[in-house]
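Descriptive structure summary
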Amino acid sequence: MDVIPSHELPSVTVLLFDPRDPAFLADPYPAFAELRERGEVHHHEGMGLAVAVSHAASSAVLRHRDLGRIWTDARPVEAFTSFNLLHRNSLLENEPPTHTRLRRLVASAFGRGHVERLRPWVARLADRLVDDLAARIRDEGSADLLAHVAGPLPVEVIAELLGVPEADRPLLQPWSNTIVKMYEYGLPEEQRAAAERASGEFVAYLRELAARRRAEPGDDMVSSLVAVTDTDGAKLTEDELVATSVLLLMAGHEATVNVIGNGVLALMRHREQWERLVADPSLLPTAVEELIRYDSPLQLFERTATRPVEIAGHVVEPGQKIAALLGAAARDPRVFADPDRLDIGRSPNPHLGFGMGVHYCLGAPLARIEVQAALGSLVRKLPGIELAAEPHRRAEFVMRGLHTLPLTT
């Protein structure tokens, strides 16, 4: 672990977390609580950046206009051509004025009714996947929620949104899973190389898909992204269109699969809350927000200073990074009463799970529809589910989630 002096208690050392420690990954929240008690911002030597651990400091990091998403190419640059292309042209990795232009174009494409068009389709898909889960539990005694519901649901939804043909959809999840590993710290070289290969394959596929949609437009997001123009007549470049499509898949898939997986695990471990939801499904909207808060699918979000910035007494110099530790902010007792308690009726619930400021998640409405559909179907069709065995947790810290969640009835 990294040892640094506390800002509030100069004579005391603070033990920061090790993001590779399995014990920490199993339950990071006690470590976060200790850090919050000692100060709102700490420097993490291992990750090479400051981390904001209170809700107020994390919110300030996300909102501050002088803390931006400043993309730095993965190096060596010649070894990461496709990975860097996806991020240089991404809405998420740019600041105004580029971000403003990209967000306006993408929001315009989103505004063409795609999300609402998908709502009944998502509900039917969730029902079909949960029916499959129920059949497997009946036939085999147990089944994995991740494999049969949480994993395929968001991939199918984003693929339908983008207009990816059904025959090609099995390609998407492996690409996404491989690429997002690059967001972790201390990644082995072979996994970095795999992320570049997946990026290259994804870029090539989406260039071909965009070319098809230019020739034969459909009622899908890629067709809208191809067609959308700004007020001055400008369009997305092909690289921007490809990067936007990849971002929609990776952000949409990774967040949703982990909210469903982490959330159902939390409900199984807090049985009274599951039974409360079964008895009163009208709590589904607040339950979704609480599950995002309680075990954040995205634990950390970086920003880079463009000018000197002070966050809770900690000065971030230009070029230095600071991260909002979303998992810590979500358990801040100054904002959330009894924050370690799962409460599916919690309201208000000002979690930061979808970000804040100019980078607030454009896909948040779709993610809410997906998670609510999955939970609603589970509540109706499998009210008696319980854990069949201990789940297998992913070894990553930034993207917090599970490999498996075996359920039975």
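Residues numbered from 1 in each chain as written. Predicted model: local features only at pLDDT ≥ 70, side-chain atom pairs only at ≥ 80, totals over all residues. Heavy atoms only, no water.

**Some remarks on the overall build of the chain**
Which entries qualify depends on this criterion: Numbered from the N terminus, helices here are DSSP runs of H or I no shorter than four residues, and strands are runs of E no shorter than two. We compute the radius of gyration over the C-alpha atoms and compare it with the globule rule, which gives 2.2 Å times the number of residues raised to the power 0.38. Burial classification: accessible surface area is computed with a 1.4 Å probe over protein chains only, and a residue below 20% of its type maximum counts as buried, one above 50% as exposed, and the rest as partly exposed. We call two residues in contact whenever any of their non-hydrogen atoms come within 4.5 Å of each other. A 1.4 Å probe and the Shrake-Rupley method give the accessible areas. Residues count as covered only by the protein chains that appear here. All tallies of charge rest on Lys and Arg as positive and Asp and Glu as negative; His and the ends of each chain are not included. Where a charge lies is defined by one atom per residue type, namely NZ (Lys), CZ (Arg), CG (Asp) and CD (Glu).
Within the chain, the secondary structure is distributed over 16 helices and 14 strands. Computed over C-alpha atoms, the radius of gyration of the chain comes to 21 Å, within 12% of the 22 Å expected from 2.2 N^0.38 for 409 residues, which places it in the range of a compact globule. Principal-axis analysis of the C-alpha atoms gives the chain an extent of 65 × 55 × 40 Å. Burial status across the chain gives 56% buried among its 409 residues. A separation of at least 24 residues holds for 70% of the contacts in the chain among residues at least 6 apart in sequence. Carbon and sulfur atoms make up 53% of the accessible area of the chain, which totals about 16,800 Å². For the chain, the separation between the mean place of its 44 positive charges and that of its 57 negative charges on side chains is 4 Å.

**Here's the deal with the pattern of salt bridges**
Rule in force here: Here, a salt bridge means any Lys or Arg side-chain nitrogen found within 4 Å of an Asp or Glu carboxyl oxygen.
Overall, the coordinates contain 35 salt bridges when judged by the stated rule. A salt bridge links E390 to R269; the shortest N-O distance between them is 2.8 Å. Placement of the pair is E390 in the loop between β11 (386–387) and β12 (392–393) and R269 in helix α12 (residues 238–269), with a sequence separation of 121 residues. Using a relative accessible area of 58% as the deciding quantity, one classes E390 as exposed. Since its relative accessible area comes to 45%, R269 is described here as partly exposed.

**Focus: helix α8 (residues 152–162)**
Of all 11 residues in α8, nine are buried; the element is thus mostly enclosed. Taken as a whole, α8 has its buried residues at P152, L153, P154, V155, V157, I158, A159, L161 and L162. One or two positions beyond α8, positive phi appears at G163, with a value near 85°.

**Looking at helix α9 (residues 172–180)**
As a reminder, the rule being used: In this context, the arc is that of the directions from the helix axis out to the C-beta atoms.
Within α9 the residues assigned to the buried category are L172, W175, S176, I179 and V180. Along α9, the residues classed as buried sweep out an arc of 115° about the axis, all on the same side. Summarising the contacts, the buried residues of α9 are in contact with α4 (81–88), α8, α10 (189–215) and α12.

**Digging into the confidence of the model for the chain**
Predicted coordinates in areas of low pLDDT are best not read in detail. The condition is simple: Values of pLDDT, ranging from 0 to 100, describe the predictor's confidence in every residue of the model.
Chain-level pLDDT for the chain is 91 on average; 96% of the residues reach the 70-or-more range. Counting interchain partners and residues more than four positions distant, the pLDDT-below-50 stretch residues 1–14 has 34 contacts.

**Observations concerning the packing of helix α6 (residues 114–140) against helix α16 (residues 364–381)**
Put simply, the rule is: To obtain each axis, a line is fitted to C-alpha atoms, and for helices this fit is confined to the stretch in contact; angles are then taken between N-to-C directions over 0 to 180 degrees. Here is the rule for handedness: rotate from the far helix to the near one, and if that takes an anticlockwise turn smaller than a right angle the crossing is left-handed, while a clockwise turn gives right-handed.
The geometry of α6 relative to α16 is characterised by a closest axis approach of 9 Å and an angle of 35° between their N-to-C directions. Where α6 crosses over α16, the handedness of that crossing is right-handed. From α6, V115, E116, L118, R119, V122, A123, A126, D127, V130, D131 and L133 reach across to α16, where they touch L366, I369, E370, A373, A374, S377, L378, R380 and K381.

**What to know about the packing of aromatic side chains**
Stated precisely, the cut-off is as follows: Between 30 and 60 degrees the pair is tilted, below 30 it is stacked and above 60 it is edge-to-face, where a pair is any two Phe, Tyr or Trp rings, Trp via its six-membered ring, whose centres lie within 6.5 Å. In our convention, an over-ring charge means Lys NZ or Arg CZ found within 6 Å of a ring centre and within 35 degrees of that ring's normal.
This model, assessed by the stated rule, comprises 10 aromatic pairs. Pairing Y29 with F32 gives two aromatic rings, centres 5.8 Å apart and planes at 85°, and the pair type is edge-to-face. Of this pair, Y29 and F32 both sit in helix α2 (residues 29–38), three residues apart, which is roughly one turn of that helix. A residue is classified by how much of its surface remains accessible, and Y29, at 6% relative accessible area, is buried. On the basis of relative accessible area, F32 is assigned to the buried category, the value being 0%. The ring of Y29 is capped by R331, whose NZ or CZ atom sits 3.9 Å from the centre of that ring. Over the ring of Y294 we find R331, and its NZ or CZ is 4.2 Å from the ring centre.

**Let's talk about the sheet that holds strand β14 (residues 406–408)**
Formally: In this analysis, strands are considered paired if DSSP registers two or more bridges between them.
Across the sheet, which stays open at both edges, the three strands sit in the order β6-β14-β11 with antiparallel pairing between neighbours. Every interior strand has two partners, whereas the edge strands, β6 (143–144) and β11, have only one. Two elements, β11 and β14, share two bridges in a ladder whose sense is antiparallel. Opposite E386, over in β14, you have T408 as the bridge partner.

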